[in-house]
Amino acid sequence: MIKRLDKDVSTRIAAGEVIERPSSVAKELIENSIDADAKNITIYLEQGGKSSFVIEDDGIGIEKEELPLALERYATSKISTIDDLETISTLGYRGEALASIAAVSHMEIRSRTSDSKMGGLIRCDCGTITLHTDNPCLRGTRIQVDDLFCNLPARRKFLKTASAELRRIIQIVNDYALIHPELTFRLFSDGKKILERLPVKDVSAALELRWGEAQIYYSETVSGHASARLWWNPIADSRRVVISLFVNNRRVQDTTVRAAICGGDSTAYGEWLALVNIPPEQVDVNIHPTKEEVRFRRSQDIFKLIYDAARNIFAERFSIRKSGSSDIDTAQENFFTQIKQSYQNINANERLFSNEPWRPNSACADSRVCSPDAATYIPPGSAKFLEDPSEKKYIGQTARGFLLFDFPNALAVMDPHAAHERILYEEILAKFNDSVDVQDLAIPEEIPPALMPEVSLSEKELNKLGFVSRGGLLTGVPAIKGKGHLSPVDMLRSALRGLAAEKDPAKRDREVWWRMARLACRDAVKLGQRIEKFEAEELLRRLERCDTPYTCPHGRPTVFILDNKKLEEWFER
């Protein structure tokens, strides 16, 4: 028998579609404050927003008489007719957020407009208004949400820990601070100031605060009335593509944009910020309950905008062809194709000297980017000859910089850069099993404001890893051999990324050390650098002592072995 659901049941179902966790509350209410032309937005949390979430702004405010209407579902000041759905220019428009939050919490709203001497106050318990009265308050709006999902215990059980929920909210605040550099954002958690974003001149300046002093690449493409702006921070120790996407200043996710960035001329590992501006009628924002997805009317045009911008960025970094450029030779145009082919040619070379097939790393699609525990490629015959204790004589160095050794019954060609990378990598990873020594900094370095929230949340884990901080200053870092190119703040950033990437506490330390080891590999000798005989011999001895001497940490071979028998067959001897 079909029957209508009670209003209380249907309201909770609808609320569950819009509000999933405290970060959903943060997103919806921050967007309301931005729509209200606020200049200052402050958030106060308790237990990651699970027990209490308060947001204050200095926006235009709400009239006291309209406060009950603001809590009704589908009551909004943003649109009025069906035609307005085709040209939405505000972040909010459906009138669902406040009603959904009020249905699953204890909510209080205080608000006053600039032309009113007295403000208003309204309280609502799980969808029922319990108080509506005058209240003296500052211009703007203050919304307090207590005991989120108090009437949905099953939903409350699925919430993460307070620190995990806090991290989600920090991410949202940081993202909106990027695209609204003219605003002030403050975040307090359990009485402590966690984050403060003061106004800066533009998005690029906000990114410098967020990403640090890394080299940031930027490109902008325009087509008709649509435009795309891309910023890229290529993180050396990253194995992920993290994209913060805003379409008409709306924070969303979109597979078209991700495909365009990842489909460019290079591996897109690192952090991306993508801002797409498009006429409102060319994008449908009303396809997802939480408004986190959009549908482009002409997705192929958006793909091309992003793809061209990404290619321009890769071209700037790698000096390859830019989008739209025609004055370039074939070799440059196929730069990345040639690199890939060079790896395929390894297979052909091995067939000359061995009947064994090439064994790429089966743990990842690209054998040059391997995880700490992944199986790695072993050049045929390398294990037998590297492990042979017999004498190995150094012959010399090629013009290109490769090292030649006369092994018993074989000729060996070593890439000194790859070999040194492997040596440094394993020396640093060895620290994982030992106690971590702390190197005190002679001159403490200021921790960038963008990192302070994560440093505060992960203070105990960072201390265990050898990082010491006091009063916003970094005073000590892990004592790592061969980290010449790593600044203390770079090490801290890498550690924080490792903690964020690995959710299993038992594996987090190894993830952090692996990332810092990868970064420290930049100190390896460069191919082409002149190497003396005793240095080459010592490099070989140290490589032989490695647990996995056959490849560098990125999966490239360190040594190729040319068996004398194969050479004799080749020369028909």
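Residues numbered from 1 in each chain as written. Predicted model: local features only at pLDDT ≥ 70, side-chain atom pairs only at ≥ 80, totals over all residues. Heavy atoms only, no water.

1. Quick notes on the sheet that holds strand S3 (residues 106-112)
A sheet is described by the order of its strands in space; here eight strands give the open sequence S5-S4-S3-S6-S2-S1-S7-S8, paired in mixed fashion. In this open sheet, the two strands that pair with only one neighbour each are strand S5 (128-135) and strand S8 (192-197). Across this sheet, the average inter-strand angle for adjacent strands is 10°, counted without regard to direction. Across six bridges, the pairing between strand S2 (residues 52-57) and strand S6 (residues 140-146) is antiparallel. The partner of glutamate 56 across the bridge, within S6, is arginine 142. Helix H2 (residues 22-35) contacts strand S1 (40-46), S2, S6 and strand S7 (184-189) of the sheet and is inclined by roughly 10° relative to S2. Relative to S7, helix H6 (residues 162-179) is tilted by about 170°, and along the sheet it contacts S1, S2, S7 and S8. (Pairing = 2+ DSSP bridges. Helix = DSSP H or I, 4+ residues; strand = E, 2+ residues; numbered from the N terminus. Axes fitted to C-alpha atoms, helices over the stretch in contact; angles between N-to-C directions. Contact = heavy atoms within 4.5 Å.)

2. Considering the nonpolar core
Of all hydrophobic cores here, the largest spans 52 residues; its most connected members are Ile30, Phe53, Met107, Tyr176 and Leu273. When residues of this core are assigned to their parent elements, the largest contribution, nine residues, is made by H6. Setting aside anything within four residues of it in sequence, one finds methionine 107 in contact with Leu71, Leu98, Ile101, Ala102, Ile122, Arg123, Cys124, Ile143, Gln144 and Val145. (Core = buried A, V, L, I, M, F, W, Y, C linked by side-chain atoms within 4.5 Å. Buried < 20%, exposed > 50% of the residue type's maximum accessible area, 1.4 Å probe, protein only.)

3. Remarks on the packing of aromatic side chains
For the structure on display, the rule yields 11 aromatic pairs. Pairing tryptophan 232 with tryptophan 272 gives two aromatic rings, centres 5.1 Å apart and planes at 10°, and the pair type is stacked. One end of the pair, tryptophan 232, is in strand S10 (residues 226-233); the other, tryptophan 272, is in strand S13 (residues 270-277), and 40 residues separate them in sequence. A relative accessible area of 0% places tryptophan 232 in the buried class. With 5.4 Å between their ring centres and 45° between their planes, tryptophan 570 and phenylalanine 571 make a pair best called tilted. An aromatic cluster of three or more residues is present, and its members are Tyr217, Trp232, Trp272 and Phe314. Directly above the aromatic system of phenylalanine 149 lies the positively charged group of arginine 155, at a separation of 5.3 Å from the ring centroid. Its end group placed over the ring of phenylalanine 407, lysine 392 keeps NZ or CZ at 5.5 Å from the ring centre. (Phe/Tyr/Trp six-rings, centres within 6.5 Å; stacked < 30°, edge-to-face > 60°. Lys NZ or Arg CZ within 6 Å of the ring centre and 35° of its normal.)

4. Description of the packing of H6 against helix H7 (residues 203-211)
Packing of H6 against H7 leaves a shortest axis separation of 7 Å and a crossing angle of 145°. Across the interface between the two elements, Gln171, Asn174, Asp175, Ala177, Leu178 and Ile179 of H6 pack against Val203, Ala206, Leu207 and Arg210 of H7. Grouping the amino acids of the contact of H6 with H7 by side-chain chemistry returns six nonpolar, two polar and two charged. (Nonpolar A, V, L, I, M, F, W, Y, C, P; charged D, E, K, R; others polar.)

5. As for the confidence of the model for the protein chain
Summarising the model, the protein chain shows a mean pLDDT of 79, and 76% of its residues fall at 70 or more. Of all helices and strands in the protein chain, the one with the weakest mean pLDDT is helix H11 (residues 335-353) (37), whereas S1 scores best (97). (pLDDT = per-residue confidence, 0-100.)

6. Topic: the environment of serine 89
Looking at the element boundaries, serine 89 is found in the loop between helix H3 (67-70) and helix H4 (97-103). Between the alpha carbons of serine 89 and proline 280 there is a distance of 6.5 Å; along the sequence they are 191 residues apart.

7. Considerations on the side chain of glutamate 426
On the secondary structure map, glutamate 426 appears in helix H13 (residues 416-429). Separated by 2.7 Å, the side chain of glutamate 426 and the backbone nitrogen of aspartate 547 make a polar contact. Setting aside chain neighbours within four positions, we find glutamate 426 in contact with Cys546, Asp547 and Thr548. (Polar contact = N/O pair within 3.5 Å; in protein donor to acceptor, adjacent residues only side chain to side chain.)

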